[in-house]
Amino acid sequence: MLVFMQSLISGILIGGVYALIGIGLTIIFGVMRVINFAHGDILMIGMYMTYSLFTFFGIDPFVSIVITIPLMFMFGAFLQKVFINRMQGALPQNQILLTIGLGMIMSNTMMLAFTSDYKILSTDYSSSSIKLAGISISTPLAISFLITAAITAMLYWFLLKTDTGQAIRATAQDREAAQLMGINVKWMSILAFGMGSALAGTAGALISPTYYIFPQIGSTFTLKAFVITVLGGMGSIVGATIGGVIIGIAESVSAVYISSGWKDVVVFVLFLLVLLFKPAGLMGKSRM
Amino acid sequence: MTRNLLALLLAASLAVPGMASAAPVKIGFINSITGPEAPIGENLTNGVTMAIEDLKKKGVEVQLMKEDDTGKPQISMSAMEKLAGQGVAGVVGPYTSACANAVSKLAEKYKVPLLVPAAAKEEITRQGLKYVYRLNAPADKYASSLIDAALVMGKPKTIAFIYENTDFGTSTVKTAKEYIAKKGIKMVADESYSKGSPDYRSTLSKIKGQNPDLVFMVSYVADAILLMRQSREIGLQPQAFLGGGAGFTTVQFAKETTISNNVFSTTQWTDDVSWPGAKDFFNRYKAKFGKEPTYHAACAYQAMLIMGETASKNGGDREKTKAGLKSGSWKGIMGDTKFEDYDGFTNQNKHQMLVLQIQDGQFETVFPTNFASKKPIFPFPKWK
């Protein structure tokens, strides 16, 4: 029972970070209908940003998100304005090629700048934990979960209550109709890509104290982000949140009860089952 | 005609022992100079460079023929073919197991003595190849030396394995499993993982539930740090952590003292060992290249010394060099070296693996006792 609770809690904590990655991808897809294959690489940029701020300026990784979020937002907005925007409405495979290409440029630039060596960010709390009724909770993971929860809550509030948020949602629901209602959809796209990038960058910042950093790390997370968003329903923020936590728990529990070598199999079987019975994802509305 | 006569004369002078210094002896060196293994390959190249200089001081002129295999077996094989055609007396290298294994069969085919300095795969010297020699200890010694050390220090009854599901991880653990079966230790967990997952906590808490006496891990640098960090979080508390792989012997790992202290690992060579010239080699290497040598550098240095001496003594003749390697014995920075046939191995040096323990962020040799620089700390102290 203790082992089960332990794995469940680890799964939820890591799932929170996954959710953040998934939400970023789902916002971008929802508003722009562009599948961002550079999502993992944007996350990687966020990791290196956190790493640099920590090693050169001594800024704590969790504090540094105050700097990372706006910088990553601007980076995403720049990408949208300069590259992605030109491909709006183009064939999906062209958009995919563009984002894959951007991702490769990012990872190779980082390789030139930082070499391909693994970087480890060691803070004094990197391997500390809190004991709670026999279950140990990783301090950095717990902090990052709390930050994730706060950011997600703020995001919901922004999207539901503010005018800009509602305009973003309107664009996501029907681009043409939104434009007819006087919403500046181009601006909304920039905003959405900026937000998506900021979320991915934040997720990168949040896991860097407990993980390691190297230029090719992006692909792992791109794949994960896809599974999460498709599982939850493309374009659905609630779906991405749930999807992230489900994947986190599935990985963690299957590592204990089956084998850590098999956990990816479990995740993908689960993924296939959801697609089989609910092709649009858990929270998705079928567009057929 | 005159040219033929000259060649004959030259050959005669080469064949006479003691006159070897008259003409340089050709020795091939295959190494991963570029490619993903290049950072380690650099150590081998530097070791060989130092060996050539030292040979020169002894009056042995070596004409070194360097070949880059970029870490790929097929390129390594064509390098070997090229060298065989250029009339080398012998070849030192290649670095990686995959390359060395591929090249070993070619060495036999072309009858070129091959001295493998640092590749660990057991199979290389287990195929009964007469022209293939190996200086370093094969992979099975990694596991057995660690387990032996644990058995000297205490009475462990159970062991848990956690390792990367690659060739490197699974093969090391396979030999470890065979060894513990002989020693009567029970395996309570057998967990392989795919490298790069951010969370090993659940696997580790499963292992913790079994309460093993020993935890044996095989992984590269980044995962080694992650695994130990998360072991601390979970409170996994065995009598000893045994690091059976590359990641646990790096300076980067040792620097993370909160999690790396008191972890055991194993290596082929260190500078504080009492083998003749080890400390001197370390100092000269550091002065020359501005970096500390790894065990690869020491292996390559000693391998080139042995090959250079033997080949020049035998006038660059391949058959005689092969016989010379077989019958000779050496004493140097790698301890006593002799190529023997035992336990299914052919021409394998019975190299003594050293067991290290990280104490205050430094690697200290703790086993075998006659080479030890510090006493081992056992059992593993309670996590703070």
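The rules we used
Residue indices follow the written sequence of each chain, beginning from 1 at its first position. Whichever chain is written first becomes A and whichever ligand is written first becomes 1, with later ones labelled in order. Whole-chain, interface and lining totals are the exception, using all residues; otherwise, since this is a predicted model, local features are given only for residues with pLDDT of at least 70 and side-chain atom pairs are given and counted only at 80 or more. Each helix is a run of DSSP H or I of at least 4 residues and each strand a run of E of at least 2, with the numbering of both proceeding from the N terminus. C-alpha atoms define the radius of gyration in this analysis, and the globule rule sets the expected value at 2.2 Å times the number of residues to the power 0.38. Neighbour density around each residue's C-beta defines its exposure: 20 or more other C-beta atoms within 10 Å make it buried, 12 or fewer make it exposed, and counts between make it partly exposed, where C-beta atoms are placed from the backbone. Contact between residues is assigned whenever the C-beta positions, reconstructed from backbone atoms, fall within 7 Å. One bridge is not enough; two strands pair if DSSP finds at least two bridges between them. Confidence per residue, as judged by the predictor, is encoded in pLDDT with a range of 0 to 100. What counts as an axis is a line fitted to C-alpha atoms, over the stretch in contact for a helix, and the angles between N-to-C directions run from 0 to 180 degrees. What a helix is expected to span follows from its residue count: subtract one and scale by 1.5 Å. By convention here, the domain bounds are inherited from an automatic or database domain assignment. The term nonpolar core means buried Ala, Val, Leu, Ile, Met, Phe, Trp, Tyr and Cys residues held together as one set by C-beta atoms within 7 Å.

**Topic: the overall build of chain B**
Across its full length, chain B carries 13 helices and 15 strands. Here the C-alpha radius of gyration of chain B, 22 Å, is about what a compact globule of 384 residues would show, namely 21 Å. If you line up chain B on its principal axes, its C-alpha atoms span 85 × 35 × 35 Å. Within chain B, buried positions represent 53% of all 384 residues. Look at the contacts in chain B between residues 6 or more apart in sequence, and 70% of them connect residues 24 or more apart.

**Details of the overall build of chain A**
Of regular secondary structure, chain A possesses eleven helices and four strands. Here chain A has a C-alpha radius of gyration of 19 Å; the compact-globule value for 288 residues is 19 Å, and the two agree. C-alpha atoms of chain A, sized along the principal axes, occupy 60 × 50 × 35 Å. Taking as baseline every contact in chain A between residues at least 6 positions apart, the subset at least 24 positions apart corresponds to 77%.

**Observations regarding the pairing of strand β14 (residues 354-359) of chain B**
Residues and elements named next belong to chain B. Of all six residues making up β14, five are buried, and the element is well covered by its neighbours. The pairing of strand β10 (residues 264-267) with β14 spans four bridges and is classified as antiparallel. Among the inter-strand pairings, serine 265 is bridged to a residue of β14, identified as leucine 356. The sheet contact formed by β14 and strand β15 (residues 362-367) spans five bridges and is antiparallel. Among the inter-strand pairings, glutamine 357 is bridged to a residue of β15, identified as glutamate 364. Count of turn residues in the β14/β15 antiparallel hairpin: two residues, of which aspartate 360 carries a positive phi of about 50°.

**Quick notes on the confidence of the model for chain A**
Chain-level pLDDT for chain A is 89 on average; 99% of the residues reach the 70-or-more range. Per-element mean pLDDT across chain A ranges from 80 in strand β2 (residues 129-132) of chain A up to 95 in helix α2 (residues 39-57) of chain A.

**A few points about the sheet that holds β10 of chain B**
Residues and elements named next belong to chain B. As summarised here, the arrangement of the seven strands in space is β7-β6-β8-β9-β10-β14-β15, forming an open sheet in which the pairing is mixed. The open sheet terminates on both sides in strands that have one partner only, identified here as β7 (186-193) and β15. The mean angle between the axes of side-by-side strands here comes to 25°, regardless of whether they run parallel or antiparallel.

**Quick look at helix α10 (residues 237-257) of chain A**
Taking 1.5 Å of rise per residue, 21 residues should cover 30 Å, and α10 of chain A covers 30 Å from first to last C-alpha, within 8% of that figure. Counting buried positions along α10 of chain A gives 17 out of 21 residues, so the element sits mostly inside the fold.

**Focus on the domain arrangement of chain B**
Residue and element names in this part refer to chain B. Parsing chain B into structural domains produces domain 1 (2-137 + 273-349) and domain 2 (140-267 + 354-371). The straight-line distance from the C-alpha centre of domain 1 to that of domain 2 is 32 Å. Contact with domain 1, which involves five residues of that partner, is made by six residues of domain 2.

**Quick word on unusual backbone geometry**
Trans is the prevailing form of peptide bonds, just as negative phi is the prevailing case for residues other than glycine. Residue and element names in this part refer to chain B. A cis amide bond links phenylalanine 367 to the next residue, proline 368, at an omega of -10°. When you line up the elements, proline 368 lands in the segment after β15. The step from phenylalanine 378 to proline 379 runs through a cis peptide bond, and the omega angle for that step is -10°. Here proline 379 lies in the segment after β15. One non-glycine residue with positive phi stands out, namely asparagine 347, at about 50°. Position of asparagine 347 among the secondary structure elements: in strand β13 (residues 345-349). For asparagine 347, a count of 22 C-beta atoms within 10 Å puts it in the buried group. Of note in this structure, aspartate 360 is not a glycine but carries a positive phi near 50°. Within the secondary structure, aspartate 360 is located in the loop between β14 and β15.

**Thoughts on the nonpolar core**
In terms of nonpolar packing, the biggest core is built from 193 residues, with Ile21 and Ala192 of chain A together with Leu114, Val215, Tyr301 and Met304 of chain B touching the most fellow members. Residue contributions to this core peak at 15 residues, all from helix α1 (residues 2-32) of chain A. Three or more residues apiece are contributed to this core by two domains, here domain 1 (2-137 + 273-349) and domain 2 (140-267 + 354-371) of chain B. Residues contacting isoleucine 21 of chain A, with those up to four places away along its chain left out, are Leu43, Ala200, Ala203, Phe221, Lys224, Ala225 and Ile228 of chain A.

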